[in-house]
Amino acid sequence: MARSSSRYVCQSCGSVSGRWSGKCEACEAWNSIVEEVGTASAAPIGGTKATAARAKLRTPPLALEQLTGGTPPQPRTSTGIHELDRALGGGLVAGGAVLLGGDPGIGKSTLLLQALGGVANGGHEVVYVSGEEGIDQIRGRAERLGLANAAVGLATATSADAAAATIKANRGLKLIVIDSIQTMYAEGVESAPGSVAQVRASAQVLITAAKQSNAALILVGHVTKDGAIAGPRVLEHMVDAVLYFEGDSSQHYRILRAVKNRFGPADALGVFEMTGLGLKEVPNPSTLFLAERQDRDPVTGAAVFAGFRGARPLLVEVQALVGNPSPASPRRAVVGWDSARLAMTLAVLESRAGLPFSGRDVFLSVAGGLKLEEPAADLAAAAALVSALLERPVPNESVFYGELALSGEVRPAPQAKSRLDEAERLGFSEAAVPGDAKSSKLRITKINRIDKLVQLIAAQPLLKAPKTSDWTDRYDD
Ligand code: TYD
Ligand code: MG
């Protein structure tokens, strides 16, 4: 029974309700609910009509396959941009759909124009559909990027159906970029471009066409203030890979981060620099996340985490600042790390190693604007905190990794060898790590309990008057 009533769709998470409200009950976003009139699926699923229709259909059973099939590995097409290929898990997959999210102005169109140029220069057919910029604007940018002669098919259009028809009409098409999905509209859906219904319908039309034609599809999605791809969080489920392009547009560095990838590691990372000639790859990102370390005087409250991101090791400096005890309620702020993990680390340092953090302001920050997600970052954060409190530097040539348990034990991390190899390659000579890590060149201090870490740092020279003295005796011997 088709009802002509409206439905109310949250533009943030896509949940549907029967009435308008100021706040979405599903995702708690404010002012995100928009009325959509007369969409086809207003009839309740399982209604009498649907049941009757289903009874009439004689659906054949599924044709089953076996797990042990001879499926060849997915052939990959290089974009000519090594860092993008890496974030994609090794290049573009035929028929795969990728969503590239990022703030306006961060460089999504630039990156993709360079990728289109790269694929075209590899001798493949590519198409760029822009609903945001004019042909002249795109040509001007291509010229600046040195791609004026690349064979990239251009269209300024906002019809998803026309773009899908283009995909179907060009069977040899290797890559099509839609910039952006929020400007597209699909026939038969009444809501405005950018609404959840439009974005979902347009994406569906395009993804289906790309799968049928074996073309790789990249959808650009704008990101809202709170960091979600605007409207279509639903889109994340429809595509094979989700990449985010991040960074401070006032700075030059950009990080390309995979948050989902059906064809590769989900936490892959690529690093770029925005130059006058477009985006340049940064092949050695560890150097970027290590604040200026060479030739600097020893400082307290800084420790290097030997991390692992995607398929490669990544060294990152973690910095901490600890205040004197104050009667006001202490401030805890953290940038680039999880605040719950900071609270846990402080609690472990306090109750397992007797360090007095309570009543003090504590600040923790990760260099280079990176967000650390690995549990193995605990030990480096703890080292920075202990160093800041004790006013003693962390041994300058040292890297750290290890996950802190509430018991005070430190647990090993996967990929120990590549972490240590990267540290050695970047000139470090020591590592303070748990487990039985081995390295031919690095001197390894084994840290299996948190008090070992405190001992290590307490043995370093004092740089300033200590903030507190009552606990030091425990580690002086
Ligand atoms: P753009 O790719 O248009 O961003 P998005 O598509 O994510 O909105 O990038 C726009 C910014 O990049 C703009 O501020 C200018 C800058 N830029 C450069 O610095 N160098 C270049 O070669 C290009 C093409 C852009
Ligand atoms: Mg753009």
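Here the structure is a predicted model, which means the values were calculated and not measured.

What counts as what
- Residues numbered from 1 in each chain as written.
- Chains lettered and ligands numbered in written order.
- Predicted model: local features only at pLDDT ≥ 70, side-chain atom pairs only at ≥ 80, totals over all residues.
- Heavy atoms only, no water.
- Core = buried A, V, L, I, M, F, W, Y, C linked by side-chain atoms within 4.5 Å.
- Buried < 20%, exposed > 50% of the residue type's maximum accessible area, 1.4 Å probe, protein only.
- Domains from an automatic or database assignment.
- Contact = heavy atoms within 4.5 Å.
- Helix = DSSP H or I, 4+ residues; strand = E, 2+ residues; numbered from the N terminus.
- Pairing = 2+ DSSP bridges.
- Near = heavy atom within 4 Å.
- Polar contact = N/O pair within 3.5 Å; in protein donor to acceptor, adjacent residues only side chain to side chain.
- Areas by Shrake-Rupley, 256 points an atom, 1.4 Å probe, with all protein chains shown as cover.
- Nonpolar A, V, L, I, M, F, W, Y, C, P; charged D, E, K, R; others polar.
- Salt bridge = Lys/Arg side-chain N within 4 Å of Asp/Glu carboxyl O.
- Phe/Tyr/Trp six-rings, centres within 6.5 Å; stacked < 30°, edge-to-face > 60°.
- Lys NZ or Arg CZ within 6 Å of the ring centre and 35° of its normal.
- Disulfide = S-S within 2.5 Å.
- 1 Å grid on protein atoms, 1.4 Å probe; cavity = no way out; pocket = protein on both sides within 12 Å on 5 of 7 lines; lining within 4 Å.
- Points joined across faces, edges and corners; volume = space filled by probe spheres on them.
- Expected span 1.5 Å × (residues − 1).
- Axes fitted to C-alpha atoms, helices over the stretch in contact; angles between N-to-C directions.
- Parallel < 35°, antiparallel > 145°, perpendicular 65-115°, else oblique.
- Left-handed = near helix turned anticlockwise from the far one by under 90°.

Caption draft 1: Expanded view of the nonpolar core. Membership of the largest hydrophobic core comes to 64 residues, with the highest contact counts inside it found for Phe-400 and Leu-453. Residue-level mapping places this core at the junction of two domains, with at least three residues from each of domain 2 (76-283) and domain 3 (288-475). Apart from residues lying up to four places away in sequence, Leu-453 is in contact with Leu-379, Ala-382, Ala-383, Val-386, Phe-400 and Ile-447. In this structure, Leu-113, Val-119, Ala-120 and Ile-218 belong to the second largest nonpolar core, which totals 36 residues.

Caption draft 2: Broad picture of unusual backbone geometry. Look at the link from Asp-179 to Ser-180: it is a cis peptide, with omega at 0 degrees. Looking at where Ser-180 falls in the secondary structure, it is placed in the loop between β9 (173-179) and α6 (196-213). Of note in this structure, Glu-391 is not a glycine but carries a positive phi near 60 degrees. With respect to the helices and strands, the residue Glu-391 is situated in the loop between α10 (378-390) and β19 (398-400). Under the relative-accessibility criterion, Glu-391 is labelled buried at 6%.

Caption draft 3: Region of interest: the sheet that holds strand β2 (residues 16-17). Read across the sheet, 3 strands follow the order β2-β1-β3 without closing on themselves; strand pairing throughout is antiparallel. At either margin of the open sheet sits one strand with a lone partner, and together these are β2 and β3 (33-36). As paired strands, strand β1 (residues 7-10) and β2 are joined by 2 bridges and run antiparallel to one another. Looking at the pairing, Val-9 lines up with Val-16 of β2.

Caption draft 4: Representation of the site of ligand 1. Taken together, 16 residues are adjacent to ligand 1, and Gly-105, Lys-108, Ser-109, Thr-110 and Gly-278 come closest. Residue Lys-108 places a main-chain N or O atom 2.8 Å away from an oxygen atom belonging to ligand 1. Measuring from an oxygen atom of ligand 1, one finds a backbone N or O atom of Gly-278 at 2.7 Å. Protein coverage of the free-state accessible area of ligand 1, which is 560 Å², stands at 74%. When contributions to the shell around ligand 1 are tallied by element, the ones reaching two or more residues are α3 (108-121), α4 (135-144) and β13 (269-275). Sorting elements by how many residues they give to the shell around ligand 1 places α3 first, with 3 residues. Residues that form the shell around ligand 1 fall into these classes: 5 nonpolar, 7 polar and 4 charged.

Caption draft 5: Representation of the pattern of salt bridges in the model. Taken as a whole and judged by the stated rule, the model has 15 salt bridges. Here Glu-374 makes a salt bridge to Arg-419, at a shortest N to O gap of 2.7 Å. Of this pair, Glu-374 sits in the loop between β18 (360-366) and α10 while Arg-419 sits in helix α11 (residues 416-425), and the two are 45 residues apart along the sequence. The exposure class of Arg-419 is buried, given its relative accessible area of 1%. Through salt bridges with shared partners, one network takes in Lys-211, Asp-240 and Arg-262.

Caption draft 6: Layout of the packing of aromatic side chains. Under the defined criterion, the tally for this structure stands at 1 aromatic pair. Sitting over the face of the ring of Tyr-401, Arg-419 holds its NZ or CZ atom 5.3 Å from the ring centroid.

Caption draft 7: Summary view of the state of the cysteines. Overall, the coordinates contain 0 disulfides when judged by the stated rule. For the unlinked cysteine Cys-10, the closest cysteine sulfur is that of Cys-24, found at 3.7 Å. Residue Cys-10 is classed as buried on the basis of its relative accessible area of 1%.

Caption draft 8: Seen up close, empty space enclosed by the protein. The full count for this structure, using the stated rule, is 4 cavities of 30 Å³ or more. In this structure, the largest cavity encloses a volume near 60 Å³. In terms of lining, the largest cavity is formed by Arg-76, Leu-88, Gly-91, Leu-92, Val-93, Gly-96, Ala-97, Val-98, Ala-216, Ala-241, Asn-261 and Phe-263. Looking at the lining of the largest cavity, the elements with two or more residues in it are β5 (92-93) and β6 (97-102). Per-class residue counts for the lining of the largest cavity are 8 nonpolar, 3 polar and 1 charged.

Caption draft 9: Molecular detail of α6. Its 18 residues place the ends of α6 26 Å apart at the C-alpha level, agreeing with the 26 Å of an ideal helix rising 1.5 Å per residue. Following α6 by one or two positions, Asn-214 adopts a phi angle in the positive range, close to 60 degrees.

Caption draft 10: Fine view of the environment of Pro-285. Its location among the elements puts Pro-285 in the loop between β14 (278-281) and α8 (286-289). Along the backbone, Pro-285 and Leu-315 are 30 residues apart, and their C-alpha atoms lie at a distance of 8.2 Å. The contact partners of Pro-285, leaving out residues within four places of it in the chain, are Val-271, Arg-312 and Leu-314.

Caption draft 11: Highlighting the sheet that holds β14. A sheet is described by the order of its strands in space; here 9 strands give the open sequence β8-β7-β9-β10-β6-β11-β12-β13-β14, paired in mixed fashion. Strands with a single pairing partner mark the edges of an open sheet, and in this sheet they are β8 (152-156) and β14. Neighbour-to-neighbour, the strand axes of this sheet turn through a mean angle of 25 degrees, independent of strand direction. Running over the sheet, α4 touches β7 (125-130) and β8 and is turned about 145 degrees from β8. Against the sheet, α6 makes contact with β6, β9 and β10 (216-222), and its axis sits at roughly 160 degrees relative to β10, the strand it touches most.

Caption draft 12: Highlighting the environment of Ser-32. Along the chain, the position of Ser-32 falls in the loop between β2 and β3. Once the C-alpha coordinates of Ser-32 and Ser-21 are considered, the two residues, 11 residues apart in sequence, prove to be 9.0 Å apart. Leaving out residues up to four positions away in the same chain, Ser-32 has contacts with Val-9, Cys-10, Gln-11, Ser-12, Gly-22 and Cys-24.

Caption draft 13: The arrangement of the packing of helix α9 (residues 339-353) against α10 in detail. With their axes 10 Å apart at the nearest point, α9 and α10 run at an angle of 60 degrees to one another. With respect to α10, the element α9 is oriented oblique. Every pair of crossing elements has a handedness; the one defined by α9 and α10 is right-handed. Residue-level inspection shows Arg-341, Leu-342, Met-344, Thr-345, Leu-346 and Leu-349 of α9 in contact with α10, the latter providing Asp-378, Ala-382, Leu-385 and Val-386. Looking at the contact of α9 with α10, its residues break down into 7 nonpolar, 1 polar and 2 charged.

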